[in-house]
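Read off the chains here:
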Amino acid sequence: WYQRRVREDLSGLSSSLQTSMLQSKLETAQRATNAQYHNVDVIRRVSVIKLEESGGDTGWDVFTIDYVLNCPLTVIVNQDSRETYLCIFRMLWKTKRIEHGLRRIWGKTATWERTLPHITRDIRELRHLVNIVCAEMQHFISQVQYYINFEVLECSWKELETAVNTAENLDNIIEAHKRFLGIVSE
């Protein structure tokens, strides 16, 4: 939902990107989706940040979402951990962007026959080939997302929960978190 709302904003040059506007759209998305049912404190901690720009970057290159933490959690989730989480988020965000892009392509090609009633046989064959390639790419992206979410993140999260619940001290929790990040960032 959010990605569709910010697609045009992120497609422009990063120098024209306004984080306040993206934050406003994020808050609207939170109110319009199931996120509204999460704990209010959790929702308030989610924010938009703009990474360092290089020449010619688009908004997609510098946009990310951050989660603001306070002590004592910053003892466990230190700056290195936060950077790892940002990398993981950006990778997941990119797979979602690819998924949405492929759906848009399919939607555009699906309207060809209605908007161009006299298309030639060659165009119909081209449309068919485009749809086949898009379907294969969508399948691949779906499989990648499934693998990341269920085989890597969910399984590793369960291991982290178990380790935290059986930890005898803070050092055990910190070590379990480091192992978790090591596994999910491979």
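Refer to the structure above for everything that follows.
Throughout what follows, the structure given in this document is the object of discussion. (Residues numbered from 1 in each chain as written. Predicted model: local features only at pLDDT ≥ 70, side-chain atom pairs only at ≥ 80, totals over all residues. Heavy atoms only, no water.)

## Section: the overall build of the protein chain
Threshold: Elements are defined by DSSP. Helices are runs of H or I of four residues or more, strands are runs of E of two residues or more, and each kind is numbered from the N terminus. We take the radius of gyration over the C-alpha atoms and set the globule estimate at 2.2 Å times the residue count to the 0.38 power. Accessible area is worked out with a 1.4 Å probe on protein chains only. A residue is then buried under 20% of its type maximum, exposed over 50%, and partly exposed in between. In this description, contact between two residues means that some pair of their heavy atoms is separated by no more than 4.5 Å. Surface accessibility in these figures is a Shrake-Rupley result with a 1.4 Å probe; residues are shielded only by whichever protein chains are displayed. Positive charges come from Lys and Arg, negative ones from Asp and Glu, while His and the chain ends are left out of the count. The location of each charge is read from NZ of Lys, CZ of Arg, CG of Asp or CD of Glu.
In terms of regular secondary structure, the protein chain is built from nine helices and two strands. Each helix and strand of the protein chain, ordered N terminal to C terminal, gives the series α-α-α-β-α-β-α-α-α-α-α. For 186 residues, the compact-globule estimate of 2.2 N^0.38 gives 16 Å, and the C-alpha radius of gyration of the protein chain, at 21 Å, exceeds that figure by more than 25%. Dimensions of the protein chain, computed from C-alpha atoms along their principal axes, come out at roughly 70 × 35 × 35 Å. Across the 186 residues of the protein chain, 30% fall into the buried class. A separation of at least 24 residues holds for 61% of the contacts in the protein chain among residues at least 6 apart in sequence. Of the roughly 12500 Å² that the protein chain leaves accessible, carbon and sulfur atoms contribute 55%. Taken as two groups, the 23 positive and 24 negative side-chain charges of the protein chain have centres that lie 10 Å from each other.

## Overview of helix α8 (residues 121-166)
Under the convention used in this document: By this rule the span expected of a helix is its residue count minus one, scaled by 1.5 Å. One axis is fitted to the seven residues ending at the residue and one to the seven starting there. The bend at that residue is the angle between these axes.
Here α8 is 46 residues long and its end C-alpha atoms lie 66 Å apart, about the 68 Å a rise of 1.5 Å per residue gives. At L153, α8 shows its largest bend, some 30 degrees. Along α8, the positions that sit buried rather than exposed are R127, N131, C134, I141, Q145, I148, V152, S156, L160 and A163.

## Topic: a positive patch on the surface
Rules: What makes a patch is a set of residues exposed beyond 30% relative accessible area and free of salt bridges, joined within 9 Å when like-charged and within 5 Å when nonpolar (Val, Leu, Ile, Met, Phe, Trp, Tyr). The rule for a salt bridge is simple: a side-chain nitrogen of Lys or Arg has to be within 4 Å of a carboxyl oxygen of Asp or Glu.
Together, K94, R97, R104 and K108 make up a positively charged patch on the protein surface. Tracing the sequence through the fold places K94 in helix α6 (residues 79-110). On the accessibility criterion, K94 (47% relative accessible area) is partly exposed.

## Description of the packing of aromatic side chains
Defined as follows: When the centres of two rings from Phe, Tyr and Trp lie within 6.5 Å, Trp using its six-membered ring, the rings pair. Their planes under 30 degrees apart give stacked, over 60 give edge-to-face, and anything left gives tilted.
Inspection of the entire model under this criterion finds five aromatic pairs. Look at W60 and W93: their rings are 6.0 Å apart centre to centre, the planes differ by 40 degrees, and that puts the pair in the tilted class. With W60 in helix α4 (residues 59-62) and W93 in helix α6, the pair connects residues that are 33 residues apart, well separated along the chain. By relative accessible area, which is 10% here, W93 ends up buried.

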